[in-house]
Amino acid sequence: MKQLLTGDEAIARGAWEAGVKHASAYPGTPSTEILECMSEYDEVYAEWAPNEKVAMESAIGASMAGVRSMASMKHVGVNVAADPLMTFAYMGVNGGAVIITADEPGMFSSQNEQDNRNYAKMGKIPMLEPADSQECLDMMKAAFDLSEEQNVIFMIRLVTRVCHSKSFVETGDRVEPAVKEWAPDPLKYVALPAHARMLRVGIEDRQKRLREASENSPFNYVEWGKEGAGEKIGVIASGPSYWYAKEVFSDLLGEGVSYLKLGFTNPLPKDMMKDFAGKMDKVYIVEEDDPYIQEEVERLGLTGVEIHGKDVFPSYGEMTHDVLRNSLTGKPLPLVDYDKSMIIRRPPSLCAGCPHRGLFYRLGKRKDIMISGDIGCYTLAAGAPYNAMNSCVCMGASISVGHGAQKVFNREGINRKVVTVLGDSTFFHTGINSLMNTVYNGSNTINVILDNRITGMTGHQQNPGTGFTVKGEPTNMVDIETLVKAIGIKHVKVIDPNDLSAVDKAFDEFMDLEEPSVIITRWPCVLKKFSDADLKEFPGLFQSKDVVNEETCIGCKKCQKTGCPALIFDEEKKKVFIKETDCVGCDVCAQVCPVSAIQKSDGSQPKFGKYE
């Protein structure tokens, strides 16, 4: 049966067909949809873990217990999962195990562009790289078979274009591997140094077997070009770069170009690469990010062959057909001519009615503070009109970075308070340990946890604070207020971030404390599908919209400085109006209007009084 699937959907389908019974992940673009799709299969236990390390460890435990398991994450998530991953690579599997890393050449939604093929090489972890959705499915099935055959976890390395592009896939039926018996095996699964030293020796024998598997893998193959009298040109490529290269080289040089398509890329098939390159006059290596394949080809000691890679193609970003064409010819593809003056810059912004808006509107106006930020929708507060974030490193770093900075300010006698800000899902991810460090080492930062009751940035995934699992089943909800008090925070306030006066009062109260404090801003994301629990906890949730009284409005635009995209200035009337379809009635704009021109559409008074 043929289906049109994205790479993420095909990965999930391949896992299901392979008989996977346990899947764990933390959401992160472009990998998020993998676990979401896995959750739709009744035969699979699927879970959102608090972070990638926990997801990896959950998959390891399931493998040890005897079932096929997987963990999926975006590329920076592997940094978090690396600790258990590198040790599990020593141990080997019981049930087959696969880790999926979704890399981001071009950094569409990531803070770096790391190439996780290096993790596979460093950990001596075999790796497959699909170039399209069909290979996503096929490689997932092969990875589980090979994992059990070779007694090692496998890595599948995706990139954004493969994750989110659709192509037709031939799907099949599910197999049901028997659950393997678990038996105590401390020499294999207890990573004492004495045991690990013995396991390390066995890895080299395993590498020999894996190199042979790579040389004979159907995912590594040659497409010979037509014989001719001209120069023999060869291209070595992996992942979607293979398709880009075929399009460009075939167009520029015709059918005489030969291609070595690599899909089993750790260990690389050195004999196959040497044989292929040795028959060419010139070889181009097309790969995204690091010269991972290029460096291996250069080590082959070939003579009489020109090797080109990053000397011709960019060292970063995607190797799309336009990039390759420009690199080879110096002539970019012609573009459609248009009047550039008609294009309006549309930087990303917080949604209309976003509960983070009131907090950052007030926080950005405070002086003598440093704002240590984190990963989430709220990172947009770094830009105009809020300018309310001074750093953003990685998940959960806001509290740790803020602690370090506050210690310096305190020791050096610098009168500056550090405010740390992170979301609820990010707090559960790695913020808890950071806050414990702040308590333990006696910092006096103000730590803000934005509790919007969902993992917003990646598309509304559940987390330990939402009360639901990935399958939508009710579960225990971790209460943030109780948790922060349990780890030693004595000063805690829960506020509605739409109430500007409440925001100011909370910061005023904690600004001079010599102990750490926590402010929890609690209001659900405006785009969330509200549960009965939400409607009960937040009565009157977005029931009445805000409207502008044109006769009262003086056109001062002060309301627009809150950054809400629902507020639009009419140049002809010199008045502001509110786009009804976007407004959710949060009343932030009503509080800052100096003439009370913003009222409720049903004639009632705004929830909060005028902000002075």
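Computed from a predicted model, the values in this text were never measured in an experiment.

Draft legend 1. Region of the structure containing the overall build of the protein chain. Helices and strands together make up the secondary structure of the protein chain, namely 20 helices and 23 strands. For 612 residues, the compact-globule estimate of 2.2 N^0.38 gives 25 Å, and the C-alpha radius of gyration of the protein chain, at 28 Å, lies within 12% of that figure. Across the 612 residues in the protein chain, those meeting the buried criterion constitute 55%. Contacts in the protein chain between residues far apart in sequence, at least 24 positions, make up 75% of those at least 6 positions apart. Approximately 26900 Å² of the protein chain is accessible, and the part contributed by carbon and sulfur atoms is 52%. One finds the centroid of the 67 positive side-chain charges in the protein chain at a distance of 4 Å from the centroid of its 84 negative side-chain charges.

Draft legend 2. Structural context of helix H11 (residues 270–278). Those residues of H11 that fall on the buried side of the exposure criterion are Met272, Met273, Phe276 and Ala277. All buried residues of H11 project into a common sector of 120° when viewed along the axis, lining one side. Lining the buried residues of H11 we find helix H9 (193–215), strand S9 (221–223), strand S10 (233–238), strand S11 (258–262), strand S13 (282–286) and helix H12 (292–298).

Draft legend 3. Region of the structure containing the environment of Phe249. The topology assignment puts Phe249 in helix H10 (residues 241–253). Under the relative-accessibility criterion, Phe249 is labelled buried at 1%. In this structure the C-alpha to C-alpha distance between Phe249 and Gly404, which are 155 residues apart in sequence, comes to 52 Å. Residues in contact with Phe249, not counting those within four places in the same chain, are Val235, Gly254, Val257, Tyr259, Tyr284, Val286, Phe313 and Leu328.

Draft legend 4. Focus on the packing of aromatic side chains. Scanning the entire structure with this criterion turns up eight aromatic pairs. On the basis of an interplanar angle of 35° and a centroid distance of 5.6 Å, the ring pair of Trp224 and Phe276 is categorised as tilted. Of this pair, Trp224 sits in the loop between S9 and S10 while Phe276 sits in helix H11, placing them 52 residues apart in sequence. Following the ring pairs from residue to residue traces out a cluster consisting of Phe249, Tyr284 and Phe313.

Draft legend 5. Structural view of the packing of helix H15 (residues 397–411) against helix H16 (residues 424–440). The N-to-C vectors of H15 and H16 enclose an angle of 25°; their axes lie 7 Å apart at closest approach. The angle between the axes of H15 and H16 places the two elements in the roughly parallel class. For the pair H15 and H16, the contacting residues are Ile399, Ser400 and His403 in the first and Phe427, Gly431, Ser434, Leu435, Asn437 and Thr438 in the second. A breakdown of the residues in the contact of H15 with H16 according to their chemical character gives three nonpolar, six polar and no charged.

Rules behind the numbers
Residues numbered from 1 in each chain as written. Predicted model: local features only at pLDDT ≥ 70, side-chain atom pairs only at ≥ 80, totals over all residues. Heavy atoms only, no water. Helix = DSSP H or I, 4+ residues; strand = E, 2+ residues; numbered from the N terminus. Rg over C-alpha atoms; globule rule 2.2 N^0.38 Å. Buried < 20%, exposed > 50% of the residue type's maximum accessible area, 1.4 Å probe, protein only. Contact = heavy atoms within 4.5 Å. Areas by Shrake-Rupley, 256 points an atom, 1.4 Å probe, with all protein chains shown as cover. Lys, Arg positive; Asp, Glu negative; His and termini not counted. Charge placed at Lys NZ, Arg CZ, Asp CG, Glu CD. Arc of directions from axis to C-beta. Phe/Tyr/Trp six-rings, centres within 6.5 Å; stacked < 30°, edge-to-face > 60°. Axes fitted to C-alpha atoms, helices over the stretch in contact; angles between N-to-C directions. Parallel < 35°, antiparallel > 145°, perpendicular 65-115°, else oblique. Nonpolar A, V, L, I, M, F, W, Y, C, P; charged D, E, K, R; others polar.

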